Amino acid sequence: MLQNIKPLLEDMTFIDLFAGLGGFRLALQSYGAKCVYSNEWDRFAQEVYNDNFGDVPQGDITQVDENSIPDHDILCAGFPCQAFSISGKQRGFEDSRGTLFFDVARIVKCKKPKVVFMENVKNFASHDNGRTLAVVKSTMEELGYSFHAKILNAVDYGIPQKRERIYMVCFRNDLNITGFSFPEPFELTKHVEDFLLTDEDLVRDLYVDRKDMVITGEDSFYSDKPIRLGIVNKGGQGERIYSVKGIAITLSANGGGVFARTGGYWINGRPRRLHPRECARLMGFPDTYKITDNRNQAYKQFGNSVAIDVLQYIIGEIAVALGK
């Protein structure tokens, strides 16, 4: 959940690229920073973003003139993972052409923000035998930035979900930032059961009754890992049942199975999928955040989103480094 945080960045501005539901925006605004531009091509995400922020993100970043984007202090981007056609040459900025990261790079080149803050899937770190990350690093260094990257898991920062992502933080070299480090993990104190809706009317249709359900695990202890209790069908993806005394499996934008995108959880003596609001909570979104009525879109959107608490802890370290 969004925490009460000191407004350490209240004089700073940021832009929100590949904005999705605005997770970066919520995290930065909690520190007092002001959003001056947003970009998101998906029309369903645009609608939800506008409902919550009163701001319709501009679409198709590849068609946006970087000179038209307002000046800003921080650039945020959760850009998609794409292969770079580099054949091991690692020419930095030139090698990133043809990918959506190149659009981030050309904006950075033009606007020279103080900080660039990016997020991607865990596999980005090893994608194409590490060459993809190497191009991002060399590109940012070529543009005059330091480069810091680390894989962090949401479960280590207060959110009971296994969600590993790579976070990349870059500081403009003339700022002489030397004291940045990623936040230290801490012990989990809440589990899936603490994030569930209490109104059964809202989740009644999410329960699943199957004759081929098999329960083999125990639901009698707490854990900072997913606790698998049983399966339906053959137990493939989307066919597994977990305890709410553990953590959630990674919320997914895609995937099939009777418990698709959320996994199944043993609640009130029966298994069910999670409700979109529960998914929102497991991503750190406050209950005041407005969710689309289209469930399929809601599951997709939260599956693609960022863990807000993790962003907040990283931004806290960014603010400390800038303060030093």
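Let me begin by describing the structure that accompanies this report.

About the thresholds
Residues numbered from 1 in each chain as written. Predicted model: local features only at pLDDT ≥ 70, side-chain atom pairs only at ≥ 80, totals over all residues. Heavy atoms only, no water. Pairing = 2+ DSSP bridges. Helix = DSSP H or I, 4+ residues; strand = E, 2+ residues; numbered from the N terminus. Axes fitted to C-alpha atoms, helices over the stretch in contact; angles between N-to-C directions. Contact = heavy atoms within 4.5 Å. Parallel < 35°, antiparallel > 145°, perpendicular 65-115°, else oblique. Nonpolar A, V, L, I, M, F, W, Y, C, P; charged D, E, K, R; others polar. Core = buried A, V, L, I, M, F, W, Y, C linked by side-chain atoms within 4.5 Å. Buried < 20%, exposed > 50% of the residue type's maximum accessible area, 1.4 Å probe, protein only. Disulfide = S-S within 2.5 Å. Polar contact = N/O pair within 3.5 Å; in protein donor to acceptor, adjacent residues only side chain to side chain.

This part is about the sheet that holds strand β1 (residues 13–17). Read from one edge to the other, the open sheet built from six strands follows the order β2-β1-β3-β4-β6-β5, with strand pairing classed as mixed. One side of each edge strand has no neighbouring strand; the edge strands of this open sheet are β2 (34–39) and β5 (148–153). Each neighbouring strand pair of the sheet contributes to a mean axis angle of 20°, computed without reference to strand direction. The pairing of strand β4 (residues 115–121) with strand β6 (residues 164–171) spans seven bridges and is classified as antiparallel. Across the sheet, residue Phe-117 finds its bridge partner in β6, namely Val-169. Docked against the sheet, helix α8 (residues 308–323) engages β4, β5 and β6, running at close to 20° with respect to β6.

Contact pair helix α3 (residues 100–111) / helix α4 (residues 131–142): the axes reach a minimum separation of 10 Å and the direction vectors enclose 10°. Considering their axes alone, α3 and α4 lie roughly parallel with respect to each other. Contacts between α3 and α4 involve Phe-101, Ala-105 and Val-108 from the first element and Val-136, Thr-139 and Met-140 from the second. Here the residues of the contact of α3 with α4 sort into five nonpolar, one polar and no charged.

As a further point, take the nonpolar core. Grouped together as the largest cluster of nonpolar side chains are 63 residues, with contacts concentrated most on Leu-9, Phe-117, Val-169, Phe-180, Phe-285 and Ile-314. Ignoring anything within four residues of it in the chain, the contact list for Leu-9 reads Leu-28, Tyr-31, Gly-32, Ala-33, Ile-74, Ile-315, Ala-319 and Leu-322.

This part covers the pairing of β4. In terms of burial, β4 is a largely internal element, six of the seven residues being buried. Inspection of the sheet shows strand β3 (residues 74–77) paired to β4 by four bridges, in the parallel sense. Looking at the pairing, Cys-76 lines up with Phe-117 of β4.

Taken as a whole and assessed by the stated rule, the structure comprises zero disulfides. In this structure Cys-76 is a free cysteine whose sulfur lies 8.3 Å from that of Cys-35, the closest cysteine sulfur available.

The next point concerns helix α7 (residues 295–303). Along α7, the residues that are buried comprise Gln-297, Ala-298, Tyr-299, Gln-301, Phe-302 and Gly-303. Contact partners of the buried residues in α7: α2 (43–53), β6 and α6 (276–281). By the N-cap criterion, in which a side-chain oxygen at the helix start approaches the backbone nitrogen of a residue two or three places on, α7 is capped by Asn-294, the distance to Asn-296 being 3.2 Å.

As for its placement among the helices and strands, Ser-223 is situated in the loop between β7 (214–215) and β8 (228–231). Residue Ser-223 is classed as buried on the basis of its relative accessible area, which comes to 17%. Side-chain polar atoms of Ser-223 contact the backbone nitrogen of Lys-225, separated by 3.0 Å.

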